[in-house]
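# Observations on the model geometry
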Amino acid sequence: MFILIDMNKDCEICEVIQTAEPVLIDTDCWRVVLANDQAYLGRCFVTAKRHVSSLSELTTVEWQEYIEIVKKLESATKDAFGANLHNWNCLMNNSFQKEPSLPHVHWHFRPRYKNNVEFAGETFDDPYFAHHYKSGYKKLVSDEILQKIINELSLYT
């Protein structure tokens, strides 16, 4: 376990990021964790290790590291699974549903696929390709499959 710099004890994300797994990429400024919902094969959360509440507060070093992560994730999902498109979302709306609001910069990374992908005995489809993804569309996979996805992506990151 690592300790966040400038951790906010009331921030859910500050607490979760310290123990979240499985970790795909861990840099000085960012932690990339594979989501257990793999409706979009390779879906990850990319979270700032420092409690920072807006994109405008990111340092030059944080932006530089983030750009490298973008390149690695997009390349890895394209090379490993044939991703055709990559969606990045940084919304943080949930943090404003209670007071005081405590946003913490993080990104949702969703690779998108024109064709079905067969991997580790599972079929991953993207029935909404070229459209906004559908809320509630999920594919929860076992820890074993998550580890196989991590192993495959790690070959390219």
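Before any of the text, the structure's been laid out above.
Here goes a summary of the coordinates provided. (Residues numbered from 1 in each chain as written. Predicted model: local features only at pLDDT ≥ 70, side-chain atom pairs only at ≥ 80, totals over all residues. Heavy atoms only, no water.)

## A short note on the sheet that holds strand S3 (residues 44-48)
Read across the open sheet, the five strands follow the order S1-S2-S3-S5-S4; overall the sheet is antiparallel. Both outer strands of the open sheet, strand S1 (23-26) and strand S4 (85-89), are each paired with one neighbouring strand and no more. Adjacent strand axes in the sheet meet at a mean angle of 20 degrees when their direction is disregarded. As judged from the five bridges shared by S4 and strand S5 (residues 106-112), these two strands associate in the antiparallel manner. The residue bridging tryptophan 88 from the neighbouring strand is phenylalanine 109, located in S5. (Pairing = 2+ DSSP bridges. Helix = DSSP H or I, 4+ residues; strand = E, 2+ residues; numbered from the N terminus. Axes fitted to C-alpha atoms, helices over the stretch in contact; angles between N-to-C directions.)

## Some points on the state of the cysteines
Here the structure, examined in full by the defined rule, presents zero disulfides. With no disulfide of its own, cysteine 44 lies closest to cysteine 90 among cysteine sulfurs, the gap being 15 Å. Counting only cysteine sulfurs, cysteine 11 is the nearest neighbor of cysteine 90, a cysteine outside any disulfide, at a range of 13 Å. (Disulfide = S-S within 2.5 Å.)

## Notes on the side chain of histidine 108
Inspection of the secondary structure assignment puts histidine 108 in strand S5. A polar atom in the side chain of histidine 108 sits 3.4 Å from the side chain of arginine 43. Within the structure, histidine 108 has its side chain in polar contact with the side chain of histidine 106 (distance 3.5 Å). Excluding residues within four positions of it along the chain, histidine 108 makes contact with Arg43, Cys44, Phe45, Asn87, Trp88 and Asn89. (Polar contact = N/O pair within 3.5 Å; in protein donor to acceptor, adjacent residues only side chain to side chain. Contact = heavy atoms within 4.5 Å.)

## Digging into the layout of surface pockets
Of the volumes computed, that of the largest pocket is approximately 980 Å³. Ile13, Phe45, Asn94, His106 and His108 are the residues nearest the centre of the largest pocket, which is lined by 37 residues in total. Those elements that place two or more of their residues in the lining of the largest pocket are helix H1 (12-19), strand S2 (30-34), S3 and S5. No other element matches the four residues that H1 contributes to the lining of the largest pocket. (1 Å grid on protein atoms, 1.4 Å probe; cavity = no way out; pocket = protein on both sides within 12 Å on 5 of 7 lines; lining within 4 Å. Points joined across faces, edges and corners; volume = space filled by probe spheres on them.)

## Quick look at the pattern of salt bridges
Applying the stated criterion across every chain yields a total of eight salt bridges. We note a salt bridge from aspartate 26 to lysine 49, for which the minimum N-O separation is 2.8 Å. Separated by 23 residues along the polypeptide, aspartate 26 in strand S1 and lysine 49 in the loop between S3 and helix H2 (60-81) bring together distant segments of the chain. Judged by its relative accessible area of 41%, aspartate 26 falls in the partly exposed class. Linking lysine 139 and glutamate 122 is a salt bridge whose minimum nitrogen-to-oxygen distance equals 3.1 Å. Linking lysine 139 in the loop between strand S7 (122-124) and helix H3 (143-154) with glutamate 122 in strand S7, this pair joins segments that are 17 residues apart in sequence. Look at lysine 139 and you get partly exposed, because its relative accessible area is 21%. Owing to a relative accessible area of 26%, glutamate 122 belongs among the partly exposed residues under this scheme. Linked by salt bridges that have partners in common, Asp26, Arg31 and Lys49 make up one network. (Salt bridge = Lys/Arg side-chain N within 4 Å of Asp/Glu carboxyl O. Buried < 20%, exposed > 50% of the residue type's maximum accessible area, 1.4 Å probe, protein only.)

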